[in-house]
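Understanding the architecture of this molecule
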Amino acid sequence: MGNLDGKIALITGAGQGIGQGIAHALAKEGASIAVSGRTESKLVTTVEQIEAYGGKALAVPCDVSSADDIDAVVARTVEHFGGVDILVNNANDCKPGPLLSVTDEDFERSFATGPLATLRLMRACYPSMKERGGGSIINLVTSAAVRWDASNYGAYAATKEGMRALTRAAACEWGVDGIRVNAIAPHALSPALEWWINEYPEEAEEFKAGIPLRRIGDPESDIGRAVVFLVSSDAGYLSGATIPLDGGQSRWG
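Below is a short write-up of the structure. All chains use their own residue numbering, which begins from 1 and follows the written sequence. Thresholds applied to this predicted model are a pLDDT of at least 70 for local features of residues and 80 or more for the giving and counting of side-chain atom pairs; totals over whole chains, interfaces and linings are not thresholded and use all residues. Only hydrogens and water are set aside when side-chain values are computed; all heavy atoms of the structure are taken into account.

1. Overview of the packing of helix 3 (residues 67-81) against helix 5 (residues 115-131)
Rule in force here: A fitted line through C-alpha atoms represents every axis, and for helices the fit uses only the stretch in contact; the resulting angles, taken between N-to-C directions, go from 0 to 180 degrees. Put simply, DSSP marks the helices as runs of H or I at least four residues long and the strands as runs of E at least two long, and each gets a number from the N terminus on. Angles are sorted into four bins: roughly parallel if under 35 degrees, roughly antiparallel if over 145, roughly perpendicular if 65 to 115, and oblique for all others. Should the near helix be turned anticlockwise from the far one by less than a right angle, the crossing is termed left-handed; should it be turned clockwise, right-handed. Working rule for contacts: check all heavy atoms of both residues, and any pair within 4.5 Å makes them a contact.
The interhelical angle for the contact between helix 3 and helix 5, taken along N-to-C directions, is 30 degrees, at an axis separation of 10 Å. Classed by the angle they form, the pair helix 3 and helix 5 counts as roughly parallel. Here helix 3 runs over helix 5; the crossing is right-handed. Residues A67, I70, D71, V73, V74 and V78 of helix 3 form the contact with helix 5, whose own contacting residues are A117, R120, L121, A124, C125 and S128.

This is the structure:
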C-alpha cells in the first residue's frame, strides 16, 4: 500500500530531470501518472520505466504554451484514468540572462509557458478535482527571486514569481473545495545543470560549496519524495506556501 494509492497525477515536463523524478516518486507510492511534455520519445521512456516496476503511466504530449494542448492533455488524463487529483506544473521555457539580452519574444514565451500555462492548467483541472472532493497542486518556482545578487535572473525570477502569486490566490479561492495549492523552489540535477557542471567544473564546485548540505539535490529522492509528502494527506493542512528544496541555500524572509 502506498500513500497515493488510487490517486491520479498529471505532471508537465516529466520526460526528464525534476519532472521525471517527481513522476517516479509519485508512481512508487501508487499514483497513476499522466506523463506530459513536448518530446514524445522522452515521455515514452519515463512511462516504460514506471511500468517496469509495476506502476501505471500514460504518455501525453503537450506544449504548455498552447491552450488547445492544455485542454487536450487534461481531457485525455480524465478519459484514461478517470480524473485528476494531483497537478504538478513543472514545464517552463525560460532562459536566464542579463536584462539587456532578454528579447521581448523570449520574455513573452517565458510567461506563456509559465504563469499563463499554470493558470490554464489549474483551471482545466479544477472541475475534476472539485468533483472528486479535492486535490493538490504543486507549482515549481525558484529561489532566484530571493538571491542576494539577482543579476542574470530577472526575467526568469519574474516568470516564477508570477506563478507564486497564482499559487497563493488559488490556495485562497479553492481551499473551500478541498484543493490545496503549494509551490516548491527546488534545486536538483537536470540535463541543463549537468551540462553546466561538466563545462565549468571549478565554478560548479564553488557553487556546491555554497549549499549548506554540500550537495546538489536528486530529482527523485530529494524533490520527488518531498512532493509525495506535500500532495498526501500527511500535509493536509498545508496550503498557499512556498517550500524551498535547495539544501538550505536560499533564505526566504
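2. Some words on the sheet that holds strand 3 (residues 57-61)
Sheets are built from strands that pair by backbone hydrogen bonding, the pairs being arranged parallel or antiparallel. Basically, it comes down to this: Strand pairing is assigned whenever DSSP identifies at least 2 bridges connecting the two strands.
Pairing is parallel across the open sheet formed by seven strands, whose spatial order is 3-2-1-4-5-6-7. Both edges of this open sheet fall to strand 3 and strand 7 (242-245), since each of them pairs with a single strand only. If you compare each strand with its neighbour and ignore which way they point, the axes differ by 20 degrees on average. Judged from the five bridges that link them, strand 2 (residues 32-37) and strand 3 form a sheet pairing that is parallel. In the strand pairing of strand 3, G37 is matched with P61. The sheet strands contacting helix 5 are strand 1 (8-11), strand 4 (86-89), strand 5 (135-140) and strand 6 (179-186), and the helix crosses strand 4 at an angle near 175 degrees. Along the sheet, helix 9 (residues 219-231) contacts strand 4, strand 5, strand 6 and strand 7; its crossing angle with strand 6, the most-contacted strand, is approximately 160 degrees.

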